[in-house]
Amino acid sequence: MRIGELARRTGVSSRSLRYYEQHGLLTTRRGTNGYRQYTEDDVRLVDEIRALLSVGFTLEDTRPFVDCLRAGNTTGGSCRESVAVYRRKLTQIDDEIRVLLARRAEVAAQLAESCPGCVLKGET
């Protein structure tokens, strides 16, 4: 399939697909006419990249997942390197949650000080 069809099937722009290729996440073959040619495997790779990006992974974070799929595994997250990325991301999210909870407590304390009778939604 050509780049337009891959873009349509995956919901990713042709520009993004070229960007993935530029970063080595997609490898393309060229037809005799010079057009990029993709396979069903590329659809899986793009779907994996897109799913990971949608939950906050960076493009570079997706590399072990793509490599895992290319190695013939049924899921991109089943390889040791992918699991390490998952764990690192979970630690990062936990750290962000702690920061947000501390920030929320500070803002709530400022509100309580500024407006003693005000009650935040969800609090009594």
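S.K.: Kindly report on the packing of helix α1 (residues 3–10) against helix α2 (residues 14–22), identifying the contributing residues and their values.
M.R.: Between α1 and α2, the least distance of the axes is 9 Å, while the angle of their chain directions is 105 degrees. Relative to α2, the element α1 is oriented roughly perpendicular. In this structure, α1 uses Ile-3, Gly-4, Leu-6 and Ala-7 to contact α2, whose residues at the interface are Ser-14, Leu-17 and Arg-18. Here the residues of the contact of α1 with α2 are counted per class, giving four nonpolar, two polar and one charged.

S.K.: Could you give an account of the nonpolar core, naming the residues involved and the relevant values?
M.R.: Of all hydrophobic cores here, the largest spans 16 residues; its most connected members are Leu-6, Leu-17, Tyr-20, Leu-25, Leu-26, Val-46 and Ile-49. Contributions of two or more residues to this core are made by α1, α2, α3 (40–54) and α4 (63–70). The greatest single-element share of this core, amounting to four residues, is contributed by α3.

S.K.: So what's going on with the state of the cysteines? Residues and values would help.
M.R.: This structure, assessed with the given rule, holds two disulfides. Each sulfur in the disulfide pair Cys-68 and Cys-79 lies 2.1 Å from the other. With the S-S bond torsion at 80 degrees, the cross-link from Cys-68 to Cys-79 turns out right-handed. Of this pair, Cys-68 sits in helix α4 while Cys-79 sits in the loop between α4 and α5 (80–114), placing them 11 residues apart in sequence. One exposure class covers both Cys-68 and Cys-79, and it is buried. Across a sulfur-sulfur distance of 1.7 Å, Cys-115 and Cys-118 are joined as a disulfide pair. What sets the handedness of the Cys-115 and Cys-118 disulfide is the S-S torsion sign, and at about 55 degrees it is right-handed. Judged by its relative accessible area of 36%, Cys-118 is partly exposed. Of note for the chain: the bonded cysteines, numbered N- to C-terminal, pair according to 1-2, 3-4.

S.K.: Before we move on, can you summarise the packing of aromatic side chains with the specific residues and values?
M.R.: All chains considered together, the criterion is met by three aromatic pairs. When the ring of Phe-57 is compared with that of Phe-65, the centres are 5.9 Å apart and the planes differ by 70 degrees; the resulting orientation is edge-to-face. Each member of the pair Phe-57 and Phe-65 is classed as buried. Between Phe-65 and Tyr-86 the ring centres are 4.9 Å apart and the planes differ by 75 degrees, which places this aromatic pair in the edge-to-face class. Highlighted residues: Phe-65 in helix α4 and Tyr-86 in helix α5, separated in sequence by 21 residues. You can call Phe-65 buried: its relative accessible area is 0%. Using a relative accessible area of 35% as the deciding quantity, one classes Tyr-86 as partly exposed.

Reading the values: rules and limits
Residues numbered from 1 in each chain as written. Predicted model: local features only at pLDDT ≥ 70, side-chain atom pairs only at ≥ 80, totals over all residues. Heavy atoms only, no water. Axes fitted to C-alpha atoms, helices over the stretch in contact; angles between N-to-C directions. Helix = DSSP H or I, 4+ residues; strand = E, 2+ residues; numbered from the N terminus. Parallel < 35°, antiparallel > 145°, perpendicular 65-115°, else oblique. Contact = heavy atoms within 4.5 Å. Nonpolar A, V, L, I, M, F, W, Y, C, P; charged D, E, K, R; others polar. Core = buried A, V, L, I, M, F, W, Y, C linked by side-chain atoms within 4.5 Å. Buried < 20%, exposed > 50% of the residue type's maximum accessible area, 1.4 Å probe, protein only. Disulfide = S-S within 2.5 Å. Phe/Tyr/Trp six-rings, centres within 6.5 Å; stacked < 30°, edge-to-face > 60°.

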